[in-house]
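Residue-level structural notes
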2 protein chains.
Amino acid sequence: MAPSQQEKYDIVIVGAGPVGIVLSLCMSRWGYKVKHIDNRPVPTATGRADGIQPRSTEILRNLGLKRQIMAFKPAKVYDVAFWDPLPGGQGIHRTGSWPSCPRFIDTRYPFTTLVHQGKIERVFLDEIQKAGTTVERPWTIVGFKNDGLDETYPVEVQLKSIDTNVIETVRTKYLFSGEGARSFIRQQLGIQIQYKDPISYVWGVMDGVVRTNFPDIETKCTIHSDAGSIMVIPREDNMVRLYVQIASSDDPDFDPRKTATAEDVQATARKILQPYWVEWDRVEWYSVYPIGQGISEKYTLDERVFMGGDACHTHSPKAGQGMNTAFHDALNMAWKLHAVESGLAKRSILSTYETERKDIAETLLSFDNKYAALFSKRRPTAGEVGEASHTTAAAGGEEDEFVKTFKSSCEFTSGYGVAYKPNVFTWDATHPAQSPLFDVPGVRLTPGRAFTPTTVTRLADSNHVHLEQEIPANGAFRIFIFAGKQDKTSKAITDLAANLEKERSFLSVYRRADIADVSFFENHLPHSKLFSICLVYAGEKNQIDVDSIPKILRDYHHHLYADNIPDVRVPQATYAAHEKLGFDVEKGGVVVTRPDSHVACTVQLSEGSGTVDALNAFFGSFATKPLGQDSQQSRL
Amino acid sequence: MAPSQQEKYDIVIVGAGPVGIVLSLCMSRWGYKVKHIDNRPVPTATGRADGIQPRSTEILRNLGLKRQIMAFKPAKVYDVAFWDPLPGGQGIHRTGSWPSCPRFIDTRYPFTTLVHQGKIERVFLDEIQKAGTTVERPWTIVGFKNDGLDETYPVEVQLKSIDTNVIETVRTKYLFSGEGARSFIRQQLGIQIQYKDPISYVWGVMDGVVRTNFPDIETKCTIHSDAGSIMVIPREDNMVRLYVQIASSDDPDFDPRKTATAEDVQATARKILQPYWVEWDRVEWYSVYPIGQGISEKYTLDERVFMGGDACHTHSPKAGQGMNTAFHDALNMAWKLHAVESGLAKRSILSTYETERKDIAETLLSFDNKYAALFSKRRPTAGEVGEASHTTAAAGGEEDEFVKTFKSSCEFTSGYGVAYKPNVFTWDATHPAQSPLFDVPGVRLTPGRAFTPTTVTRLADSNHVHLEQEIPANGAFRIFIFAGKQDKTSKAITDLAANLEKERSFLSVYRRADIADVSFFENHLPHSKLFSICLVYAGEKNQIDVDSIPKILRDYHHHLYADNIPDVRVPQATYAAHEKLGFDVEKGGVVVTRPDSHVACTVQLSEGSGTVDALNAFFGSFATKPLGQDSQQSRL
Ligand SMILES: Cc1cc2nc3c(=O)[nH]c(=O)nc-3n(C[C@H](O)[C@H](O)[C@H](O)COP(=O)(O)OP(=O)(O)OC[C@H]3O[C@@H](n4cnc5c(N)ncnc54)[C@H](O)[C@@H]3O)c2cc1C
Ligand SMILES: Cc1cc2nc3c(=O)[nH]c(=O)nc-3n(C[C@H](O)[C@H](O)[C@H](O)COP(=O)(O)OP(=O)(O)OC[C@H]3O[C@@H](n4cnc5c(N)ncnc54)[C@H](O)[C@@H]3O)c2cc1C
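Sequence positions are assigned chain by chain, starting from 1 and proceeding in written order. Naming scheme: in the order in which they are written, chains are lettered from A and ligands are numbered from 1. Confidence filtering applies because this is a predicted model: local features only for residues at pLDDT of at least 70, side-chain atom pairs given and counted only at 80 or more, and all residues used for totals across whole chains, interfaces and linings. Excluding hydrogens and water, the side-chain values take into account all heavy atoms of the structure.

Examining the packing of aromatic side chains
- Only rings of Phe, Tyr and Trp enter the pairing, Trp through its six-membered ring, and a pair is recorded when the two centres are within 6.5 Å. The plane angle decides the type: under 30 degrees is stacked, over 60 is edge-to-face, the rest tilted. What the rule picks out here adds up to 60 aromatic pairs over all chains.
- Where B:Trp83 meets B:Tyr276, the ring centres are 5.7 Å apart and the plane angle is 90°; that geometry is what we call edge-to-face. Placement of the pair is B:Trp83 in strand E5 (residues 79-85) and B:Tyr276 in the loop between helix H6 (262-273) and strand E16 (278-296), with a sequence separation of 193 residues.
- Three or more aromatic residues link up through ring pairs in this structure, and these residues are A:Trp335, A:Phe425, A:Phe477, A:Phe506, A:Phe531, A:Phe618, A:Phe619 and A:Phe622.
- The criterion is that NZ of a Lys, or CZ of an Arg, lies within 6 Å of the ring centre and within 35 degrees of the ring normal, and then a charge sits over that ring. Over the ring of A:Tyr9 we find A:Lys33, and its NZ or CZ is 4.9 Å from the ring centre. Secondary structure counts use DSSP, requiring at least four H or I residues in a row for a helix and at least two E residues in a row for a strand, with both numbered from the N terminus.

And the structure:
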């Protein structure tokens, strides 16, 4: 079939595990034509990954899926308890415990949510369907090439129905491998896996309902005993998950296919938990799970065929990072493809997918090593643990190596340790965009890190809302204008609005083509599909004069807010959001976040054109069109 | 058919509106055999009541239904805005706004949740089904008599299938009318309705999607204009509800059957909203709704046949109280029937259903009058409003009549104004139970009012939980032991446990018959189906020595807590729950709440038997069996 006659897609996604479903949902919702296949006849039924980390919970909420996930009534893990052998074969005792997400991490969800991958996948699959894409199964990929025969759809992909053996050849702009550890696409590209830790492991994982007098059965525990080690993770519906290490490649008789029956694991667990008793009411799922710690050398060769999730990085299940890292990979990929395909960003920005996400995977792997060592070599004492749960990031002071490692680990495992390094999307002094207004003095936000949660009152309906969630995951950059006190910044806001209106502002240049037909009820993207704007005043709701806010900002009528809700983290503050983020209410300032809610830059709010000039320079550094050159009035 | 051959029920519920469904759900879940009928062929589809008040949201959460309701993505009303005519026919302008649930009300849900009755009913109907009862429809009631022919099932009820005309005669312990305003049962009993306000009204209610430039369309508003008055209530899915008064019996040409078409109402709304424009995308529901302000003289004649909801009280829809009052009626009825039928309480306590709920209905009606006057006679100014939203209950100071009325109104409409008067369940100095330990000095809880929300850490799994929600609506009394610092109160706690263990303690006397077979996973009622116990220590989680807690309290292993979570309402407090409620952490104290979460009494925590003696005296004042006479050890 000639390329011109082949069915064409914006993206072909292979694999409907965590990375595939997040990417598929974003691209489908944002209006792209998606072909999505999976080689299993049905979605995951039980088992596999089950821990949703705090930052991932934010992402799920931003995708509008948190409520459905929470409807499963998942167990929530706030703490990890450590159990160790007593001398003389007297069994185990608790030596300490600590919060899995200590208070120095400012999150609304200081817990891991335990619900198994199958349920999470089902929620996504329903939403993907609603967004117009159906995952076809069982289908597999049998070949692909970036032959460029069609300039717009350069990649040809051959897919095969496993039921009928029919082969379908399609063309696509992008091909994405979310195939998991044994990625066909990665193998075809000849991309190697680098093994970090030369040791590989075999793990047994069992979900079931147990009766026991072990007091921490509803708490996440790592238990070391003379009879071996085990990790206990509470689950929904009185279930519990046990992880048992069955073999390690540094065992003298290592066999990567070594296995153990469910009964073996139960017997081991009984011995380990002495002096407590344990009995199984039922076993829901059991699996043996061999794993090596590897990372893919490249995530793409041509910025047309990409990979993510387990196809790029594998590691032990101990820290429950597999699914969470996959979510982040997918969201990162999604908004960057959108930035390019919507015409906003130059194609070259796609290289940041690999640089950003591979860097995180490297951190994950070295963290995984450290975590393993931490678990097997040294037990914390209760005293240290108490410290860790009380010390705040700001407090400073002396801490021993263990507590330090632990603290950085918590940040990492919670997902809040993800700190993208400076690049075109993450401003620092080396960024091509230069203006004295970048980096607002006193502001406690770090470009590259997730935006801090704050609660404000929405003026349109007086609802108390979570500002960081006010823009749903819509692929747009988010501009939060902290306008301080209205009487102090009214000229700066007027000037900002006037400069946004100019014909060559980022907002005008990327104005929606369909602006005349935008729905009356459009709340987030009235002007441009690429930018959402929020305006927050320090003050009581009734003190804010909405009529005097410039029209271009009032068009975001659902995104005007009063900063008047108390926050327990800044209990003395009158304007808690400004204060927590570090904005001076006499001056205000602007935060730009990327579509994934990581801070891109902060800009001072100034009278004149400076603020918008800085924003134009920032967006202009990767935009396809020149920004900010002239000063005509726009048609917005 | 002889009485002995008739099908027998614990309760027959007629009507599946708000009052019927709450009662049916509770009774079905608590193990009673329920016959439930409704004369409509299908549940409510659209329209009718739609505002769930803050306190009702607590109740829904306690029934485990909040998540399902919130899944409808309801609109939330935090504020009410007032609009009035400008002089000289220039249209309307906003004169003020105020929070519908100001900060002096300590609630987790300071908003009204807007979702229509049909959706709420559907959620209940599903849960009722899960609990083993099916609402039969269309069935009606054609006769009943309390003939006492069967001592246990004294009431005979005749029900008729509207489809087949088949009549079924059943016997029951109780018959409940949740039939709404035109109750057949009330008529048969010859109970009169007293009309409070001689004026009756005809209201038009319209739900639809509108486009408008009226800035408060997402806010609840009352609008007075030269062209008439209207109330605007935002709804889910960009909908809005308009209430228009069509006729009033003090109009010179009053006709209670006066009506208006949807087009009439739209035309009136257009005029009223001048200078703003408004257009309808669609009308979802429209109804004309005649209403008189009436209250039933009696809620029961024989304490076997009861009524609740609109069968007992009707009033204007302005304050959105109909459905909410029905919820409270039903919950009050349910736990009292359970207290009697479970063998805990003497039958005479059933009289408190009428005394408590009729008193609230009287308050509702006089409030409805006041509210109407407030709306039609006097407009607040913006300045007064600002005050109202800032003043806290504690602050005191001078307030004008309007602000005072407003504040008490807010408390009432939010559901937190419900304050049951002293009676056998609501301790005051006149209560039959006497002990110097009643009423803990400094404690800011009022018997008769809902228990204040506090957040604590659950020791079993370290989850941060809402203490007031930790016992689900299970029909049991709730005993919250605020144990202060463990080292200060350890003797008092040991003594309390030892006295609970005694053979004639309330807990031992009402021990579960099936105590040997209680599920390993039973969290709330391990000893008695009538009492749930929670134990809260002031301290960090790791500082609490669980092993030293007496066994009888440790049996509530899911109800041991650390008071260590900061609270924005007591920002300086180390032990926020103790501090907020007013408990001295050196001394502690006990709070008893009724099964509906209203505070029954508070008791000082003392060494020796005094605390349990006081609790025995309290429960003994309505118990069927003598409590607290001897000092043998129980078998618990
Ligand atoms: C048995 C097992 C147990 C696990 N247990 C845990 C755990 O306890 N804790 C934890 O944190 N992590 C665990 N993991 C890892 C975790 O599930 C992964 O990190 C996570 O699923 C990665 O998501 P992914 O989307 O990258 O890949 P996957 O979830 O592996 O999804 C890949 C999908 O692609 C499909 N696929 C593969 N190849 C093709 C092809 N050629 N054509 C079409 N479809 C294809 C697969 O069938 C699969 O549906 C486990 C993994 C496995 C396999
Ligand atoms: C048309 C209409 C509009 C309303 N609009 C509002 C509003 O906008 N705002 C507001 O706050 N309140 C409104 N209300 C009032 C609110 O709906 C009621 O206060 C609330 O529903 C009371 O609940 P209930 O269970 O007591 O009675 P209802 O909700 O009236 O339920 C009674 C049920 O019993 C059934 N029934 C009656 N007689 C029999 C019988 N003999 N046999 C079997 N079944 C029987 C009925 O069909 C009905 O299903 C409205 C009521 C009506 C009727």
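Looking at the pairing of strand E6 (residues 92-99) of chain A
Residues and elements named next belong to chain A.
- Only protein chains enter the calculation, and the probe is 1.4 Å; a residue is then buried if its accessible area is under 20% of its type maximum, exposed if over 50%, and partly exposed in between. By the criterion of burial, E6 is predominantly enclosed, with six of the eight residues buried.
- At least two DSSP bridges between two strands are required for those strands to pair. Judged from the seven bridges that link them, strand E5 (residues 79-85) and E6 form a sheet pairing that is antiparallel. In the sheet register, Phe82 faces E6, and the bridge partner there is Gly96.
- In this structure, the hairpin formed by E5 and E6 is closed by a connection of six residues, where Gly88 is found at a positive phi of approximately 70°.

Observations concerning the site of ligand 2
Residue and element names in this part refer to chain B.
- Not every one of the 29 residues close to ligand 2 is listed here, only the nearest: Asp38, Asn39, Arg40, Tyr243 and Asp310.
- In protein, a polar contact means a hydrogen-donor-capable atom and an acceptor-capable atom, both N or O and within 3.5 Å, with residues adjacent in sequence counting only if both atoms are side-chain atoms; elsewhere, any N or O pair within 3.5 Å suffices. Here Pro18 contributes a backbone N or O atom positioned 3.0 Å from an oxygen atom of ligand 2.
- Surface accessibility follows the Shrake-Rupley procedure with a 1.4 Å probe radius. Residue values consider only the protein chains on display as shielding. Within the complex, 88% of the 980 Å² of free accessible area of ligand 2 lies under protein.
- Taken together, the elements giving at least two residues each to the shell around ligand 2 come down to helix H1 (18-29), strand E9 (139-146), strand E15 (239-248), E16 and helix H7 (322-341).
- Only Asp, Glu, Lys and Arg are considered charged in this grouping, and only Ala, Val, Leu, Ile, Met, Phe, Trp, Tyr, Cys and Pro are considered nonpolar; every other residue, Gly among them, is considered polar. In terms of residue class, the shell around ligand 2 is made up of 12 nonpolar, 11 polar and six charged.
- Boundary definitions for the domains trace back to an automatic or database domain assignment. Each of domain 1 (5-71 + 114-191 + 297-357) and domain 2 (74-113 + 194-295 + 379-391) gives at least three residues to the shell around ligand 2. Throughout this document, a residue counts as near a molecule or strand when at least one of its heavy atoms sits within 4 Å of that molecule or strand.

Here we look at helix H11 (residues 486-501) of chain B
Residues and elements named next belong to chain B.
- In this scheme, the bend at a residue equals the angle between the axes fitted to the seven residues that finish there and the seven that begin there. By the largest-angle criterion, Ala492 marks the main kink of H11, which is about 30°.
- Within the span of H11, buried status applies to Gln486, Thr489, Ala492, Ile493, Asp495, Leu496, Ala497, Asn499, Leu500 and Glu501.
- Check the buried side of H11 and you find it contacts strand E21 (477-484), helix H12 (506-509), strand E22 (531-538), helix H13 (551-554), strand E24 (589-593) and helix H15 (610-620). A contact between two residues is defined here by any heavy atoms of the two lying within 4.5 Å.

Thoughts on the side chain of A:Lys119
All names here are of chain A.
- Residue position: Lys119 is located in helix H4 (residues 117-130).
- The buried category is assigned to Lys119, whose relative accessible area is 15%.
- Leaving out residues up to four positions away in the same chain, Lys119 has contacts with Phe72 and Glu236.

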